[in-house]
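Notes for the structure review
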Amino acid sequence: MRIPGIAVLVVCSSTVWSQTEVDIEDGKATFRSNCAFCHGLTGGGGRGPALKLGRFLHGSTDDDIKAVILNGVPGTTMPSFDFEKDELAHLVAYVRSWSGPSSQRAAPVAGDPIQGRQVYERNACSGCHRIAAEGSVFGPELTRIGAGRSAEYIRESILDPSADVPDDYSGVTVVTRDGRHVTGVRINEDTFSVQLRDASQNFRMFQKDEVRQVIDETKSLMPAYNSLSGEDLQNLLAYLDSLRGDLSAGAGVKREKGIR
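Residues numbered from 1 in each chain as written. Predicted model: local features only at pLDDT ≥ 70, side-chain atom pairs only at ≥ 80, totals over all residues. Heavy atoms only, no water.

1. Thoughts on the nonpolar core
Soluble globular proteins: nonpolar side chains tend toward being buried together. Counting residues in each nonpolar core, the largest one holds 17 residues, and the members touching the most others are Y120, L142, I158, L236, L240 and L243. Per-element accounting of this core gives the leading share, six residues, to helix α8 (residues 230-241). If sequence neighbours within four positions are ignored, I158 has contacts with M222, P223, A224, Y225, L228, L233, L236, L237 and L240. Grouped together as the second largest cluster of nonpolar side chains are 14 residues, F83, L88, V92 and Y94 included. (Core = buried A, V, L, I, M, F, W, Y, C linked by side-chain atoms within 4.5 Å. Buried < 20%, exposed > 50% of the residue type's maximum accessible area, 1.4 Å probe, protein only. Helix = DSSP H or I, 4+ residues; strand = E, 2+ residues; numbered from the N terminus. Contact = heavy atoms within 4.5 Å.)

2. Thoughts on the pattern of salt bridges
If you walk through the whole model with that rule in mind, you get ten salt bridges. We note a salt bridge from R96 to D62, for which the minimum N-O separation is 2.7 Å. You can see R96 sitting in helix α4 (residues 85-96) and its partner D62 sitting in helix α3 (residues 62-71), a full 34 residues away along the chain. The closest approach of N and O atoms between D178 and R180, which form a salt bridge, is 3.3 Å. The exposure class assigned to D178 is exposed, which follows from its relative accessible area of 55%. (Salt bridge = Lys/Arg side-chain N within 4 Å of Asp/Glu carboxyl O.)

3. As for the side chain of H90
Examined against the element boundaries, H90 turns out to sit in helix α4. In this structure H90 comes out as buried when scored by relative accessible area, which is 16%. Here H90 is in contact with D23, D26 and G27, once residues within four sequence places are set aside.

So this is what it looks like as structure tokens:
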């Protein structure tokens, strides 16, 4: 004999579960339309953090995730989004669906981080990159690169940096009237002028009517390090993956549009 109360409970539970599945599918569609370009089609990371690996850099509660989505992250390429309440909730539900017991977990990157640090130093990477208080701001900061990017993305950035050039690090070359070529990271550009930061971290401003040409660089200003041995590359990856510094590390120098 069926007990009515239990039958009702089963029906209600089934209804709630079905609705949750629908919510997650809605969130999946929102994610793929708005977030996949940076975070990967399935959250595996790329230009943005690998969310599927549980890499929530600004808090892991639902409210934390919603705040990042709605407000963006100043000083990064993460913009703000204006989603309806239900749309936002469904998006968070989809992201949360990766954190179940069967979700993917980040496996340690093979290699020796200590030797990887030596590879980093031998190749003078600090001439362009900054880790905590050491290095340059010419290229992207690496203080927490291991927490924010997948190993696959880091590998591609080393071997083929032109595959994905963040907008904040796009290059520009100014050809002066006397034929000199000045290349750097574009800081700002308008109808009348272009501002860049050169590899020596000097800020340069040029009036367009006083130069021969302004050339947009289509390739990354970072050279490809595809001559590294397999062992050196793996050790370097292990070192970069180990960099998971706190959010304030290396924040003494911030990138801004225009003069700092």
